[in-house]
Amino acid sequence: MDPDAVAKAFVDHYYSTFDANRAGLGNLYQEGSMLTFEGQKIQGSQSIVAKLASLPFQQCKHNITTVDCQPSGAGGVLVFVSGTLQLAGEQHALKFSQMFHLMPTPQGSFYVLNDIFRLNYA
Amino acid sequence: MDPDAVAKAFVEHYYTTFDSNRGGLANLYQDGSMLTFEGQKIQGAQSIVAKLTSLPFQQCQHSITTVDCQPSGAGGMLVFVSGTLQLAGEQHALKFSQMFHLMPTQQGSFYVLNDIFRLNYT
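Residues numbered from 1 in each chain as written. Chains lettered and ligands numbered in written order. Predicted model: local features only at pLDDT ≥ 70, side-chain atom pairs only at ≥ 80, totals over all residues. Heavy atoms only, no water.

Colleague: Where do I start with the interface of chain A and chain B in this structure?
Modeller: Note: interface size is frequently given as the accessible area lost on complex formation between the parts. Counting residues at the interface gives 27 residues for chain A, matched by 26 residues for chain B. For the chain A and chain B pair, buried surface summed over both sides reaches about 2300 Å², with 59% attributable to carbon and sulfur atoms. Along the contact surface separating chain A from chain B lie 4 salt bridges. Across the pair D4(A) and K41(B) runs a salt bridge, and its minimum N-O distance is 3.1 Å. (Contact = heavy atoms within 4.5 Å. Buried area = accessible area lost by both parts, 1.4 Å probe. Salt bridge = Lys/Arg side-chain N within 4 Å of Asp/Glu carboxyl O.)

As structure tokens, then:
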């Protein structure tokens, strides 16, 4: 497993899905998954997708600036992302940082065990 | 173990040590520790501390804005930090984001297995 390749593929898939169909993120999380979104702690795939689907905008576009990754031990991969988030109708894009801890599934794929998102205010 | 308390204690210790005596960070890393600093990958306590002590400034002050943490599985903890970094003599502070993956030591403390640092450019 090449962590860089896993990270790149995951980031492409995650943000494309987020921008096109947020509910489709459901199969990237499991029961034990944790999201901290701007300080709010949420657990479990259902609650996480409910939170993301309820964010107060219809359309958005993520542009990724940096992706760093490292193996976390026990087959996991840590992915650290920075970029911008353009909301439809807003003049200025928001800056954000996000980290994911990916764990392998028995089927040879990865799911998100840990997810932390923060906007970077200027 | 309360993850929030561990994260808070670690963050205070880490940045206080960084700002007063960067060489003192060595006992927070081990041989298998990994640092990615602005995209550059470094491994092992010795090399990591060599990198941090060679950064092109004498004095700095970290100010922490946000700290988020989650358990990473197998007793580990993920800590996600954002803040500003003021270098002596510079007019404007730099913004940064950093993530740490802490693992327990046999002595009941924690060490840094994974460390990723990025400046947040405006």
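Moving on from the coordinates now.
Colleague: Please clarify how the side chain of H101(B) should be interpreted in this entry.
Modeller: By secondary structure assignment, the location of H101(B) is in strand β5 (residues 94-104). Among all residues touching H101(B), those that are not within four sequence positions of it are S72(A), L78(A), S72(B), G76(B), M77(B), L78(B), Y111(B), V112(B), L113(B) and N114(B). (Helix = DSSP H or I, 4+ residues; strand = E, 2+ residues; numbered from the N terminus.)

Colleague: Even after reading the chapter, I still don't get helix α1 (residues 3-20) of chain A, so can you show me in this structure?
Modeller: Every α-helix carries 3.6 residues per turn, so stepping three or four residues along brings you back to the same face. Residues and elements named next belong to chain A. Taking 1.5 Å of rise per residue, the 18 residues of α1 would be expected to cover 26 Å, and the 26 Å separating its terminal C-alpha atoms lies within 8% of that figure. Along α1, the positions that sit buried rather than exposed are P3, V6, A7, F10, V11, Y14, Y15, T17 and F18. Down the axis of α1, the buried side of the element spans an arc of 160°, and every buried residue falls inside it. Projecting away from the buried face of α1 at angles above 90 degrees are the exposed residues K8 and A20. Where α1 is buried, its residues contact β1 (29-37), α2 (45-53), β3 (60-73), β4 (76-87), β5 (94-104) and β6 (110-119). (Expected span 1.5 Å × (residues − 1). Buried < 20%, exposed > 50% of the residue type's maximum accessible area, 1.4 Å probe, protein only. Arc of directions from axis to C-beta.)

Colleague: What's the story with the pattern of salt bridges in this structure? I'm lost.
Modeller: One side chain can pair with another of opposite charge once the charged atoms of both are near each other. All names here are of chain B. Under the criterion given, the structure shown has 6 salt bridges over all chains. Between E12 and K8 there is a salt bridge, with its nearest N and O atoms 2.7 Å apart. Residue E12 and its partner K8 are both found in helix α1 (residues 3-20); the two are separated by 4 residues, about one turn of the helix.

Colleague: Got a minute to help me understand the sheet that holds β5(A) in this structure?
Modeller: Sheets are built from strands paired through backbone hydrogen bonds, the pairs being either parallel or antiparallel. Residue and element names in this part refer to chain A. Here we have 6 strands laid out as an open sheet, ordered β2-β1-β6-β5-β4-β3, and mixed in their pairing. With one partner strand each, in any of the chains shown, β2 (40-43) and β3 form the two edges of the open sheet. Between one strand and the next, the sheet's axes are offset by a mean angle of 15°, whatever the strand orientation. Packing against the sheet, α2 makes contact with β1 and β2, and its axis sits at approximately 40° to β1. (Pairing = 2+ DSSP bridges. Axes fitted to C-alpha atoms, helices over the stretch in contact; angles between N-to-C directions.)

Colleague: I'm lost on the confidence of the model for chain B in this one. Help?
Modeller: It should be kept in mind that the predicted coordinates are not to be read in detail where pLDDT is low. On average, residues of chain B score 95 in pLDDT, and 99% of them are at 70 or above. In the predicted assembly, ipTM is 0.95 and pTM is 0.96. (pLDDT = per-residue confidence, 0-100.)

Colleague: It is not clear to me how the packing of aromatic side chains should be interpreted in this structure. Could you clarify?
Modeller: Within a pair of aromatic rings, the relevant descriptors are the distance that separates the centres and the angle that separates the planes. The tally for this structure, following the rule as stated, stands at 19 aromatic pairs over all chains. With centroids separated by 5.9 Å and ring planes inclined at 50°, the aromatic side chains of Y15(A) and F96(A) adopt a geometry described as tilted. Placement of Y15(A) in helix α1 and of F96(A) in strand β5 is noted, with a sequence separation of 81 residues between them. Assessed through its relative accessible area of 0%, F96(A) is described here as buried. Relative to Y14(B), the ring of F10(B) has its centre 5.6 Å away and its plane inclined at 35°; by these criteria the two rings are tilted. Taken as a pair, F10(B) and Y14(B) lie in helix α1 at a separation of 4 residues, close to a single helical turn. Grouping aromatic residues by their ring pairs yields a cluster made of F10(A), Y14(A), Y15(A), F18(A), F37(A), F96(A), F100(A) and F117(A). (Phe/Tyr/Trp six-rings, centres within 6.5 Å; stacked < 30°, edge-to-face > 60°.)

Colleague: I would appreciate a short explanation of the environment of T105(A) in the present structure.
Modeller: All names here are of chain A. On the secondary structure map, T105 appears in the loop between β5 and β6. For the pair formed by T105 and C69, sequence separation is 36 residues and the distance between their alpha carbons is 18 Å. Leaving out residues up to four positions away in the same chain, T105 has contacts with Q30, F110 and Y111.

Colleague: Just to check I follow, could you spell out the UniProt feature "domain: NTF2" (unreviewed entry) in chain B for this structure?
Modeller: Per the UniProt annotation, the sites labelled "domain: NTF2" (unreviewed entry) are residues 6-119 of chain B. The span residues 6-119 of chain B is 21% helix and 53% strand, and its two end C-alpha atoms sit 24 Å from each other. (UniProt positions renumbered as here; feature names shortened; annotations may be inferred.)

Colleague: Please clarify how α1(B) should be interpreted in this entry.
Modeller: Residues and elements named next belong to chain B. With 18 residues, α1 should reach 26 Å at 1.5 Å per residue; the first-to-last C-alpha distance of 26 Å fits that figure. Considered for burial, the residues of α1 that qualify are V6, A7, F10, V11, Y14, Y15, T17 and F18. Down the axis of α1, the buried side of the element spans an arc of 160°, and every buried residue falls inside it. Across α1 from its buried face, at more than 90 degrees, point the exposed residues K8, T16 and S20. Looking at the buried positions of α1, the neighbouring elements they touch are β1 (29-37), α2 (45-53), β3 (60-73), β4 (76-87), β5 and β6 (110-119).

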